[in-house]
Amino acid sequence: MQDRTDMLPYLDVTAPGFSTRGPEVLAARDQGWCARTPFGFAVLRHREAGQLLRDRRLRQGSHAWPDTNGLTGSFAEFWKRSVISLEGAPHKRTRALAQQALSPDFIAALDPTFQSNAAELTARIVGATPCEFMQDFSEPFAGQAITTLLGLPESEANWIAADASALGLAMGINCKVHEPTFNAACDRLMALSDSLLSRARAHADPMRFVDRLVLGNDLAQLEDQALRDLIVISIFGGVDTTRAQLGFAMALFAQHPDQWDWLRANPQAIPQAIEEIIRTRPTTTWSTREAIAPISLNGVTIQTGDILHILVHSTGTDPSAHATRPPAADWQFDIRVRRKLHFGFGGGAHHCLGQLVARTDMAAALRALCENVARIEIAAPPDWLPDSGNTSARKLPLLLHPN
């Protein structure tokens, strides 16, 4: 097969206004499975994305993000130490400890609290007065979910959520300008992890996440710094994903009121709706991998050290993923249709550790909103972060009409 690497289309992901959902991305996908970018390759089709995420010749690529963007200080140091950047035996050991601590039965035991928190916040924002959904529901709910996981009082939720959201600024294209903000947030969350470890060692409670890490660490034998890093990455992922995806959910349902009506009538489909929200408006717009050996795939040569970004929207809406190749309109947001697996939580050895927590607390939030909100109206233009890297609404003014 002829090598097509030099003929690939080019996507300038750093250009002002660039969107991973933009027409230039979809046009590049029509030409082939990948494109070149300033940061390496963008993977655009579903089949190749699935292959590459399982390929052992690739390692997690986000470890290089701080160096690629010239980041320094506490966040950069934390990120390069964290489970995101680990490979091999250290990664397996750390991941196994986290998976044991975040077991399905533990998450299920927290669900009633998630539901109670969601119901209380919903009652405050439904009515004749517009709310700022991110500030009034999404961020406090995500913060309360984390304090529930950590066994902390609800009064701690706001600052933890704010600092976790600030860490998300480190993963955007314009991250360097926010460096003082996310470094300070990282320092505060690292200090919190220290206090949680001290509490767990003084009196371990198996219904608290950090305590479960300490109780399970006899086998993993992680050092204190590795435990602190694991706690901070769990807080970051737990808050930021839930906060951002709930904002996208409400914006999508405001644009598709018929689907909100259908979901209210079919609440058992909430888990399916969550997958469709992530497929079409992912907060993590790409998963990153780095080649540790040469790869030749469908006419493209990937060299050792090359970076690949699996674009979640492009791969999730790829018509070639199905033999029938439906037209583009059939790949628009529709919670009533079952889709192939999306890559919003990554894949392979680095599949998101907190995906069960995120799916569970988002379901609790949507359930409470479905039960109490008859119609969602966008009250003023939303303010969005750039649609690349990690993205979300900065502000989302909504009018939520009651039943």
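Here we summarise the structure given alongside this text.

Conventions adopted
One numbering rule holds for all chains: residues counted from 1, following each sequence as written. Local features in this predicted model are restricted to residues of pLDDT 70 or higher, and side-chain atom pairs are both shown and tallied only at a pLDDT of 80 or more, whereas totals for entire chains, interfaces and linings draw on every residue. Neither water nor hydrogens contribute to the side-chain values; these are computed over all heavy atoms in the structure. Any two strands with at least two DSSP-identified bridges between them are counted as paired. In DSSP terms, a helix is any run of H or I states spanning at least four residues, a strand is any run of E spanning at least two, and both are numbered starting from the N terminus. To obtain each axis, a line is fitted to C-alpha atoms, and for helices this fit is confined to the stretch in contact; angles are then taken between N-to-C directions over 0 to 180 degrees. Residue contacts follow a heavy-atom distance rule, with two residues in contact if any of their heavy atoms lie within 4.5 Å. The cut-offs for exposure are 20% and 50% of the maximum accessible area for each residue type, with area from a 1.4 Å probe on protein chains only; residues under the lower value are buried, those over the upper are exposed, and the others partly exposed. Relative orientations are named as follows: roughly parallel for angles under 35 degrees, roughly antiparallel for angles over 145 degrees, roughly perpendicular for angles from 65 to 115 degrees, and oblique for any other angle. Note on residue classes: Ala, Val, Leu, Ile, Met, Phe, Trp, Tyr, Cys and Pro are nonpolar, Asp, Glu, Lys and Arg are charged, and everything else, Gly too, is polar. Salt bridge, as used here: a side-chain nitrogen of Lys or Arg that lies within 4 Å of a carboxyl oxygen of Asp or Glu. As used in this record, nonpolar core signifies buried Ala, Val, Leu, Ile, Met, Phe, Trp, Tyr and Cys residues forming a set joined through side-chain atoms within 4.5 Å. To estimate how far a helix should reach, multiply one less than its number of residues by 1.5 Å. Note on aromatic contacts: the rings of Phe and Tyr and the six-membered ring of Trp form a pair at centre separations within 6.5 Å, being stacked when their planes are under 30 degrees apart, edge-to-face when over 60 apart, and tilted otherwise. When the NZ atom of lysine or the CZ atom of arginine is within 6 Å of a ring's centre and also within 35 degrees of its normal, the charge is said to sit over that ring.

## Description of the sheet that holds strand E2 (residues 40–43)
To summarise the sheet geometry, strands pair through backbone hydrogen bonds and adopt either a parallel or an antiparallel arrangement.
No. 1: Read from one edge of the open sheet, five strands run E1-E2-E8-E5-E3, paired in mixed fashion. Only two strands of the sheet have a single neighbouring strand rather than two, namely strand E1 (34–37) and strand E3 (58–60). Between one strand and the next, the sheet's axes are offset by a mean angle of 35°, whatever the strand orientation.
No. 2: As paired strands, E3 and strand E5 (residues 286–291) are joined by three bridges and run antiparallel to one another. Directly across from Leu58, in E5, lies its bridge partner Ala291.

## A look at the sheet that holds strand E12 (residues 397–402)
No. 1: The strand order E4-E12-E9 describes an open sheet built from three strands, whose pairing is antiparallel. Sheet topology places strand E4 (131–132) and strand E9 (373–378) at the edges, where each strand pairs with a single neighbour.
No. 2: Where helix H11 (residues 224–255) meets the sheet, it contacts E9 and E12, and its direction lies at approximately 95° from that of E9.

## Concerning the pairing of E12
No. 1: Within E12, five of the six residues are buried, leaving the element largely enclosed by the surrounding structure.
No. 2: Pairing analysis gives two bridges linking E4 to E12, with the strands arranged antiparallel. From the neighbouring strand, Cys131 faces E12, where its bridge partner is Leu398.
No. 3: Pairing geometry for E9 and E12, over five bridges, is antiparallel.

## Structural notes on the packing of helix H4 (residues 74–81) against H11
No. 1: Running from N to C, H4 and H11 cross one another at 105°; their axes reach a closest spacing of 10 Å. Comparing the axis directions of H4 and H11 gives the class roughly perpendicular. From H4, Phe78, Trp79 and Arg81 reach across to H11, where they touch Gln225, Asp229, Val232, Ile233 and Phe236.
No. 2: Among the residues making up the contact of H4 with H11, the classes are represented as five nonpolar, one polar and two charged.

## Thoughts on the pattern of salt bridges
No. 1: Summed over the entire model, instances satisfying the criterion amount to 19 salt bridges.
No. 2: Put simply, Arg81 and Asp229 hold a salt bridge, and the shortest N to O gap is 2.9 Å. A residue pair is termed long-range when its members are at least 10 positions apart, and Arg81 in helix H4 and Asp229 in helix H11 qualify at 148 residues.
No. 3: Note on Arg81: relative accessible area 35%, which makes it partly exposed.
No. 4: The partner of Arg228 in a salt bridge is Asp194, and the shortest N-O contact between them spans 3.1 Å. Of this pair, Arg228 sits in helix H11 while Asp194 sits in helix H9 (residues 179–202), placing them 34 residues apart in sequence.
No. 5: What makes Asp194 partly exposed here is its relative accessible area of 32%.
No. 6: Overlapping salt bridges bring together Asp258, Asp334 and Arg336 as one network.

## Re the nonpolar core
No. 1: Of all hydrophobic cores here, the largest spans 105 residues; its most connected members are Phe133, Phe137, Ile235 and Phe253.
No. 2: By residue number, the principal contributor to this core is H11, which donates 15 residues.
No. 3: If near-sequence neighbours (up to four positions away) are discounted, Phe137 is found in contact with Ala118, Leu121, Thr122, Ile125, Glu132, Leu246, Ala365 and Leu369.
No. 4: Membership of the second largest hydrophobic core comes to 17 residues, among which are Ala49, Leu58, Ala291 and Phe343.

## Notes on H11
No. 1: When the terminal C-alpha atoms of H11 are compared, their 47 Å separation across 32 residues agrees well with the 46 Å that a helix rising 1.5 Å per residue should span.
No. 2: Among the 32 residues of H11, 27 are classified as buried, and the element is accordingly described as predominantly covered.

## Topic: the packing of aromatic side chains
No. 1: The final tally for this structure, using the stated rule, is 11 aromatic pairs.
No. 2: For the ring pair Phe78 and Trp79, a centre distance of 6.4 Å and an interplane angle of 75° mean the geometry is edge-to-face. The pair formed by Phe78 and Trp79 is uniform in burial state, with each residue classed as buried.
No. 3: Here Phe133 and Phe137 contribute two aromatic rings whose centre-to-centre distance is 5.1 Å and whose plane-to-plane angle is 15°, an arrangement assigned as stacked. With Phe133 and Phe137 both in helix H7 (residues 133–150) and four residues apart, the pair spans about one turn of that helix.
No. 4: Exposure remark for Phe133: the relative accessible area of 0% places this residue in the buried category.
No. 5: For Phe137, a relative accessible area of 0% corresponds to the buried category.
No. 6: Through a chain of ring-to-ring contacts, the aromatic side chains of Phe75, Phe78, Trp79, Phe182 and Phe236 assemble into a single cluster.
No. 7: We note Arg212 situated over the ring of Phe106; from NZ or CZ to the ring centre the distance is 4.4 Å.

Honestly, it's all geometry; don't read function into it.
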